[in-house]
Amino acid sequence: MLGLAIILDPITVEGGQAVVVSMTHANDPDLYVQFGAEATEDDYVCRPWLGAGGEEKCELTVPGTGATEMHVSVYGYTAADDFTVNVVVQGEGGGIPTD
């Protein structure tokens, strides 16, 4: 396990909704997203691997037809990791949101 783990509160989403989870960072924390269970280093549906610095982004469609929880976790190497997480959820069938 890495040195820092931040587990965001679950977000209720509906099957078919488009979601974008993005993270900007100065160091190299890692973004993980999962539906229906905690996002961990071993259990995730999205884990962008873009290296040090910059931005990581997951563009996903919520699976299934009912409500579920989306879990977002950030794992880092040190407590000094500086990052911002942004989550955009769009209505069913609305496509992937863009910046």
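Computed from a predicted structure; not experimentally measured.

Asks: Got a minute to help me understand the overall build of the protein chain in this structure?
Replies: Within the protein chain one finds 0 helices and 7 strands. Reading the protein chain from its N terminus to its C terminus gives the helix and strand order β-β-β-β-β-β-β. By element, 49% of the accessible surface of the protein chain is carried by carbon and sulfur atoms, the whole surface being about 5200 Å².

Asks: So what exactly am I meant to see when it comes to the packing of aromatic side chains here?
Replies: What describes a pair of aromatic rings is the distance from one ring centre to the other and the angle between the planes of the rings. The final tally for this structure, using the stated rule, is 2 aromatic pairs. Consider the rings of Tyr-32 and Tyr-44, whose centres lie 5.3 Å apart with planes at 70°: the pair is edge-to-face. Here the residue Tyr-32 occupies a position in strand β4 (residues 30-35), and Tyr-44 occupies one in the loop between β4 and β5 (54-61), the gap between them amounting to 12 residues. According to the relative accessible area criterion, Tyr-32 is buried, its value standing at 6%. By relative accessible area, which is 39% here, Tyr-44 ends up partly exposed. Ring plane angle 85° and centroid distance 5.2 Å describe the contact between Tyr-32 and Tyr-75, whose orientation is recorded as edge-to-face. Of this pair, Tyr-32 sits in strand β4 while Tyr-75 sits in strand β6 (residues 67-76), and the two are 43 residues apart along the sequence. A connected cluster of aromatic rings, assembled from ring pairs, spans Tyr-32, Tyr-44 and Tyr-75. Looking at Arg-47, its charged tip hangs above the ring of Tyr-32, at a distance of 5.3 Å from the centre.

The rules we used
- One numbering rule holds for all chains: residues counted from 1, following each sequence as written.
- The model is predicted, so local features are restricted to residues of pLDDT at least 70 and side-chain atom pairs to those at 80 or more, both for listing and for counting; the totals for chains, interfaces and linings are taken over all residues.
- Computation of side-chain values: all heavy atoms of the structure, hydrogens and water removed.
- To qualify as a helix, a DSSP run of H or I must reach at least 4 residues; to qualify as a strand, a run of E must reach at least 2; elements of each kind are numbered from the N terminus.
- All accessible areas in this document rest on Shrake-Rupley with a 1.4 Å probe, and a residue is counted as covered only by the protein chains that are shown.
- Centres within 6.5 Å make a pair out of two Phe, Tyr or Trp rings, where for Trp the six-membered ring is used; the pair is then stacked when the planes are under 30 degrees apart, edge-to-face when over 60, and tilted otherwise.
- Relative accessibility thresholds used throughout: buried, under 20% of the residue-type maximum; exposed, over 50%; partly exposed, between the two (1.4 Å probe, protein chains only).
- Note on criteria: charge over ring means Lys NZ or Arg CZ within 6 Å of the ring centre, with the direction from the centre no more than 35 degrees off the ring normal.

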